Amino acid sequence: MRVPSARLFSRYIQFIILFLFGVLAGMSAFLLLLGNELDTLHLKTRKLENQNVLYAERITELEEAERNMIQKQKNVVKDIVVHLSAPNEFVKADLDKRLMADLFFLKGKPLDYVAGFHEGIIRMITERTYAIEAKGYKIQVTTLVVTPTVHIYLTAHEEKG
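Per chain, residue numbering runs from 1 following the sequence as it is written. Totals for whole chains, interfaces and linings use every residue, but because this is a predicted model, local features are given only for residues with pLDDT of at least 70 and side-chain atom pairs only at 80 or more, for both listing and counting. Water and hydrogen atoms play no part in the side-chain values, which are based on all heavy atoms of the structure.

### A word on the overall build of the protein
- Only DSSP runs of H or I reaching four residues or more are called helices, and only runs of E reaching two or more are called strands; each is numbered from the N terminus. Regarding its fold elements, the protein presents 4 helices and 4 strands.
- Listed by position from the N terminus, the elements making up the protein come as α-β-α-α-α-β-β-β.
- This radius of gyration counts C-alpha atoms alone. The globule rule is 2.2 Å times how many residues there are, raised to the power 0.38. Over its C-alpha atoms the protein spans a radius of gyration of 42 Å, topping by over 25% the 15 Å that the globule rule assigns to 161 residues.
- Across its three principal axes, the protein shows a C-alpha extent of roughly 135 × 35 × 30 Å.
- We call a residue buried when its accessible area falls under 20% of the maximum for its residue type, exposed when it is over 50%, and partly exposed in between, using a 1.4 Å probe and counting protein chains only. Here the protein, with 161 residues, has 15% of them falling under the buried criterion.
- Between two residues, a contact is recorded if the distance between any of their heavy atoms is within 4.5 Å. In the protein, the share of contacts with a sequence separation of at least 24, taken over all contacts with a separation of at least 6, comes to 52%.
- If you sum the accessible surface of the protein, you get close to 12,700 Å²; carbon and sulfur atoms cover 61% of it. Only the protein chains shown count as covering a residue, and every accessible area follows the Shrake-Rupley method with a 1.4 Å probe.

Here is the structure:
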């Protein structure tokens, strides 16, 4: 077996040392040219992570506030449905429109208020005479259901005289 010469061995060592100096020079140049930008990007990343945490907290706060608002809104009148029996469909359509205009003030009111004011609502509806097609119509309330959707069951009678 042949032993390599010391000259060839020193040549390999020179190439290895030259390669390592090249790597060191390249890393130094990279740090000089792009190191500042890399630091800036790291700072931006940390800042964005902090903002992300703040926004996540804000989202949970808003979701909780939304749940509370929904709970509060369950206790108000959201809609009014009129169930009317009338002599014909033309009279029914006109009375529906007028009754919805008269009862519009109930929307958004608390259910406790509407339930306590039920006699006033019934009296307000039954004391009015609605003139349709040159005839007067009286409304009689049969049932008033107070939930977030108020249901009013009514009967229309032609007024005689």
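So much for the structure itself; the text now carries on.
### Thoughts on the pattern of salt bridges
- The salt bridge criterion pairs a side-chain nitrogen of Lys or Arg with a carboxyl oxygen of Asp or Glu, the two atoms within 4 Å. This structure, assessed with the given rule, holds 5 salt bridges.
- Close ionic contact of Glu127 with Arg123 constitutes a salt bridge, the shortest N to O distance being 4.0 Å. Comparing Glu127 with Arg123, the two get one shared label, exposed.

### Here we look at the sheet that holds strand S3 (residues 135-145)
- The rule for pairing is simple: two strands pair if DSSP sees at least two bridges between them. Read from one edge of the open sheet, 4 strands run S1-S4-S3-S2, paired in mixed fashion. Looking at strand neighbours, the two that pair on one side only are strand S1 (79-85) and strand S2 (129-132), the edges of this open sheet. Neighbour to neighbour, the strand axes of the sheet diverge by 35° on average, direction disregarded.
- One ladder, built from 7 bridges, connects S1 with strand S4 (residues 149-158); its direction is parallel. Across the sheet, the residue bridging to Asp79 is Thr149, located in S4.
- Packing against the sheet, helix H4 (residues 118-126) makes contact with S3 and S4, and its axis sits at approximately 160° to S3. Axes, fitted as lines to C-alpha atoms, cover a helix only where it is in contact. Angles between the N-to-C directions of the axes lie from 0 to 180 degrees.

### What about a nonpolar patch on the surface?
- A contiguous nonpolar patch, built from Phe9, Ile13, Ile16, Ile17, Phe19, Leu20, Phe21, Val23, Leu24 and Met27 and spanning about 1,000 Å² of accessible area, is present on the exposed surface.
- Position of Ile13 relative to the elements: it lies in helix H1 (residues 6-73).
- Relative accessible area serves as the criterion here: at 38%, Ile13 is assigned to the partly exposed category. Patches here are clusters of residues that have more than 30% relative accessible area and form no salt bridge, with a 9 Å joining cutoff for like charges and a 5 Å cutoff for nonpolar side chains (Val, Leu, Ile, Met, Phe, Trp, Tyr).

### Focus: unusual backbone geometry
- Despite not being glycine, Glu133 shows a phi value in the positive range, around 55°.
- As for its placement among the helices and strands, Glu133 is situated in the loop between S2 and S3.
- We classify Glu133 as exposed; its relative accessible area is 52%.
- One non-glycine residue with positive phi stands out, namely Ala134, at about 65°.

### As for the packing of helix H2 (residues 89-103) against H4
- Relative orientation of the contacting elements H2 and H4 amounts to 140°, with a least axis distance of 12 Å. On the basis of their axis angle, the class for H2 and H4 is oblique. For the pair H2 and H4, the sense of crossing is right-handed. Of H4, the residues touching H2 (which contributes Leu99, Asp102 and Leu103) are Ile121, Met124 and Ile125.
- Tallied by class, residues from the contact of H2 with H4 come to 5 nonpolar, no polar and 1 charged. Our angle categories are set so that under 35 degrees counts as roughly parallel, over 145 as roughly antiparallel, 65 to 115 as roughly perpendicular, and the remainder as oblique. Two helices crossing with the near one rotated counterclockwise from the far one by less than a right angle form a left-handed crossing, whereas a clockwise rotation gives a right-handed crossing. Three categories are distinguished: nonpolar for Ala, Val, Leu, Ile, Met, Phe, Trp, Tyr, Cys and Pro, charged for Asp, Glu, Lys and Arg, and polar for the others, with Gly belonging to the last.

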